[in-house]
Amino acid sequence: MALSDILVFAVNSVLPVILLVALGYILKEKGFFSREFLKVANKTVFRVLLPVLLFTNLAELDSFSQLRWDAVLYVLAAIAILFGIGLLFARAVPDRYQKGVLLQCVFRSNFALVGVPLAQLMAGEKGVQAVAILSAFTIPVFNVLSVISLSVYIQSESGAGGRIAKTMRGILHNPLIIGVLAGIVCVLLKPLVHCLPTGMTLFLGKFTFVGTVLDYLAKASTPVALLVLGGQFEMSSIKDLKRQITLGVIGRLLFAPLIGIGGAALLQGLGFFRFDNGTYAALIALFGTPVAVASAIMAEEMGNDGQLAGQLVVWTTLLSAGVIFGSVLLMRALGFV
């Protein structure tokens, strides 16, 4: 694996996101996208396309039999630490509609979209397997924590019991959580029924139309979400949100790689565990990538500051190529990938 390949991959991962956001912005400015259309499109992405994407990502797993519990527990612990750091970052902004957005930015990455190709480039099949296993845990955790983040602050006028009840209802009724749970159930049922991955044979090998429809919807989710994000993007708000954007970028692209990737290297050096190159490739894809595109759609739909969420997606994406390249360079120098 040449370092130039990693740099090219990082650039190729970032530019499609930026170009689609830019296209959405241009189409809005030219009058193709109205505010009402963007509102409906945002709802469609959140309630239909993204849940299908999450379902298919999980449904493609063959089983959970290849779990490495040391890697799973480490990743969950790192996400928990980042969630704690995000809580501190959230205290730095007075607007309660921005607190959950900033918190979400710190712990939630674009793992679901770029994890597999990035890990495959670094470690081949080992990387793909590590991403597939870790995604079964990180996708549900990310979405549950995001619902909590985007609910708890804007419900501050309720009592503690009311906030907890509303947050729990939000988790149970959230379309993304439903998509994740459906995917997990599908994997668990595979040994018993013919519930095969999207794009493969469904229903005893004859009727593939369900898989085809799900595949179409899943593939549509990211480009549509990015176009909507671009349509909602406001250049004039950058100056007003400069402090919040800076905090989000620092949390996502500095603290997350240091804790998630650097922490693993440090603990392995101290002899606590020994991860293979596939696991390190997955850790770079998990902790070195920008905030998830879905975070902006989710923030807007749940009544938080969607403008800040969109800005954080754009800026963490723009700056993430250097972080990905630097992480790979350092891990290669240490002999981990």
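None of these values were measured; they are calculated from a predicted model. Residue numbering note: each chain is counted from 1, following its sequence as written. Predicted model: local features are reported for residues with pLDDT of at least 70 only, side-chain atom pairs are reported and counted for 80 or more only, and whole-chain, interface and lining totals are derived from all residues. To get the side-chain values, all heavy atoms of the structure are used, and hydrogens and water are removed first.

K.L.:
Looking at this model, I keep getting lost on the packing of helix α4 (residues 96-107) against helix α14 (residues 306-333). Mind explaining?
P.N.:
A packed helix pair is summarised by two numbers, namely the angle formed by the two axes and the spacing between the axes. Each axis is a line fitted through C-alpha atoms, and for a helix only the stretch in contact is used; angles between axes span 0 to 180 degrees, taken between their N-to-C directions. Strands here mean DSSP runs of E at least two residues long; helices mean DSSP runs of H or I at least four residues long; both are numbered from the N terminus. At their nearest, the axes of α4 and α14 sit 9 Å apart, and the two run at 25° to each other. Of the possible angle classes, the one that applies to α4 and α14 is roughly parallel. Pair α4 / α14 crosses with right-handed handedness. Facing Gln98, Val101 and Cys105 of α4, the residues of α14 in contact are Leu308, Ala309, Leu312 and Thr316. In this classification, the charged set is Asp, Glu, Lys and Arg, the nonpolar set is Ala, Val, Leu, Ile, Met, Phe, Trp, Tyr, Cys and Pro, and all remaining amino acids, among them Gly, are polar. Considered class by class, the residues forming the contact of α4 with α14 number five nonpolar, two polar and no charged. When an angle is under 35 degrees it counts as roughly parallel; over 145 it counts as roughly antiparallel; between 65 and 115 it counts as roughly perpendicular; any other value is oblique. In this scheme the handedness of a crossing depends on how the near helix is turned from the far one: anticlockwise by less than a right angle means left-handed, clockwise means right-handed. Note on contacts: a residue pair is in contact if any heavy atoms of the two residues lie within 4.5 Å.

K.L.:
Before we go on, may I ask you to explain the packing of aromatic side chains in this structure?
P.N.:
For any pair of aromatic rings, the description rests on two quantities: the centre-to-centre distance and the angle between the ring planes. Paired rings are identified among Phe, Tyr and Trp, the last through its six-membered ring, by centres lying within 6.5 Å, and are further divided according to the angle between planes into stacked (under 30 degrees), edge-to-face (over 60) and tilted (the rest). Counted according to the given criterion, the structure contains eleven aromatic pairs. Considering the side-chain rings of Phe107 and Phe142, the 6.3 Å spacing of their centres and the 35° angle between planes classify their relative orientation as tilted. Placement of the pair is Phe107 in helix α4 and Phe142 in helix α5 (residues 111-152), with a sequence separation of 35 residues. For the exposure calls, accessible area comes from a 1.4 Å probe over protein chains only, and a residue counts as buried if that area is under 20% of its type's maximum, exposed if over 50%, partly exposed in between. Exposure remark for Phe107: the relative accessible area of 1% places this residue in the buried category.

K.L.:
Can you walk me through the packing of helix α2 (residues 35-59) against helix α9 (residues 209-232) in this structure?
P.N.:
Relative to each other, α2 and α9 sit at 140°, their axes nearing to 8 Å. As for the relative orientation of α2 and α9, their crossing is left-handed in sense. Two secondary-structure elements touch here, α2 through Leu38, Ala41, Asn42, Val45, Leu49, Leu50, Val52, Leu53, Phe55 and Thr56 and α9 through Leu214, Leu217, Ala218, Ala220, Ser221, Thr222, Val224, Ala225, Val228, Gly231 and Gln232. Broken down by class, the residue content of the contact of α2 with α9 amounts to 15 nonpolar, six polar and no charged.

K.L.:
Please clarify how a nonpolar patch on the surface should be interpreted in this entry.
P.N.:
On the surface, a nonpolar cluster with roughly 340 Å² of combined accessible area is contributed by Leu7, Val11, Leu15 and Leu19. Its location among the elements puts Val11 in helix α1 (residues 3-29). Like-charged residues are merged into a patch within 9 Å and nonpolar side chains (Val, Leu, Ile, Met, Phe, Trp, Tyr) within 5 Å, provided each residue has over 30% relative accessible area and no salt bridge. For accessible areas, the Shrake-Rupley method is used with a probe of radius 1.4 Å. Any residue's cover is judged against the shown protein chains and nothing else. Put simply, a salt bridge is a Lys or Arg side-chain nitrogen that is within 4 Å of an Asp or Glu carboxyl oxygen.

K.L.:
Before we go on, may I ask you to explain the nonpolar core in this structure?
P.N.:
Across soluble globular proteins, nonpolar side chains have a tendency to be buried as a group. In this text, buried Ala, Val, Leu, Ile, Met, Phe, Trp, Tyr and Cys residues form a nonpolar core when linked through side-chain atoms within 4.5 Å. Judged by nonpolar contacts, the single largest core of 52 residues is most densely connected at Leu50, Val101, Ile297 and Met298. Considering every element that reaches this core, the biggest residue donor is α2, with ten residues. Filtering out sequence-adjacent residues up to four positions away, Leu50 remains in contact with Val45, Leu176, Ser221, Ala294 and Ile297. Counting residues in hydrophobic clusters, the runner-up holds 50 residues, among them Tyr74, Phe83, Phe111 and Leu286.

K.L.:
Just checking my understanding: could you explain the side chain of Gln98 for this structure?
P.N.:
As for its position among the elements, Gln98 is in helix α4. Contacts of Gln98, omitting those with residues within four sequence positions, involve Val93, Leu241, Gln244, Asp305 and Leu308.

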